[in-house]
Amino acid sequence: MANIKSQIKRNRQNEKAHQRNKSAESALKTSIRKFNEAVTKGEENLQTMAQEVGRQLDKAAAKGVLHKNQAANRKSALAKKAAASKK
């Protein structure tokens, strides 16, 4: 346990940020999982779902939950899946 006042505050701030990031990442994983299930079922609105998940990935990258390159890689994979299932 930290004895320094600033470090105690920093620990509190880190815990709050950890909870926020954990929540955002969990929601992101859920939306990606729902998209993958829709691909498996062969649903029609995959392009709009891919755009929605892409938007969430961009927001996560902007907030620092994900690295911007990781978000780009995931968006690319979603687009490939949507295009492949379209054929």
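Residues numbered from 1 in each chain as written. Predicted model: local features only at pLDDT ≥ 70, side-chain atom pairs only at ≥ 80, totals over all residues. Heavy atoms only, no water.

Caption draft 1: Representation of the overall build of the protein. The helix and strand tally for the protein stands at three helices and zero strands. Mapped from its N terminus to its C terminus, the protein presents α and β elements in the order α-α-α. For 87 residues, the compact-globule estimate of 2.2 N^0.38 gives 12 Å, and the protein exceeds it by more than 25% at 17 Å. Each principal axis of the C-alpha distribution contributes one length, and for the protein these read about 60 × 20 × 15 Å. Counting every position in the protein, which comprises 87 residues, the buried fraction comes to 20%. Taking the intrachain contacts of the protein between residues at least 6 apart in sequence as the baseline, contacts between residues at least 24 apart amount to 50%. (Helix = DSSP H or I, 4+ residues; strand = E, 2+ residues; numbered from the N terminus. Rg over C-alpha atoms; globule rule 2.2 N^0.38 Å. Buried < 20%, exposed > 50% of the residue type's maximum accessible area, 1.4 Å probe, protein only. Contact = heavy atoms within 4.5 Å.)

Caption draft 2: Layout of a positive patch on the surface. Taken together, the side chains of K9, R12, K16 and R20 present a region of like positive charge at the surface. On the secondary structure map, K9 appears in helix α1 (residues 5–41). Since its relative accessible area comes to 45%, K9 is described here as partly exposed. (Patch = residues over 30% accessible without salt bridge, like charges linked within 9 Å, V, L, I, M, F, W, Y side chains within 5 Å. Areas by Shrake-Rupley, 256 points an atom, 1.4 Å probe, with all protein chains shown as cover. Salt bridge = Lys/Arg side-chain N within 4 Å of Asp/Glu carboxyl O. Lys, Arg positive; Asp, Glu negative; His and termini not counted. Charge placed at Lys NZ, Arg CZ, Asp CG, Glu CD.)

Caption draft 3: Structural context of the packing of helix α2 (residues 46–63) against helix α3 (residues 68–86). For the pair α2 and α3, the least separation of the axes is 9 Å and the interaxial angle reads 175°. With respect to their mutual orientation, α2 and α3 come out roughly antiparallel. Two secondary-structure elements touch here, α2 through L46, Q47, A50, V53, G54, L57, D58 and A61 and α3 through K68, A71, R74, K75, L78, A82, A83, S85 and K86. Along the lines of polarity and charge, the residues of the contact of α2 with α3 split into nine nonpolar, three polar and five charged. (Axes fitted to C-alpha atoms, helices over the stretch in contact; angles between N-to-C directions. Parallel < 35°, antiparallel > 145°, perpendicular 65-115°, else oblique. Nonpolar A, V, L, I, M, F, W, Y, C, P; charged D, E, K, R; others polar.)

Caption draft 4: Fine view of the environment of A82. In this fold, A82 is placed in helix α3. Judged by relative accessible area, which is 3%, A82 ranks as buried. Separated by 64 residues in sequence, A82 and H18 have C-alpha atoms that sit 32 Å apart. In contact with A82, not counting residues within four places along its chain, are F35, L46, Q47 and A50.

Note that every value here comes from positions in space, so none of it alone points to a role or purpose.
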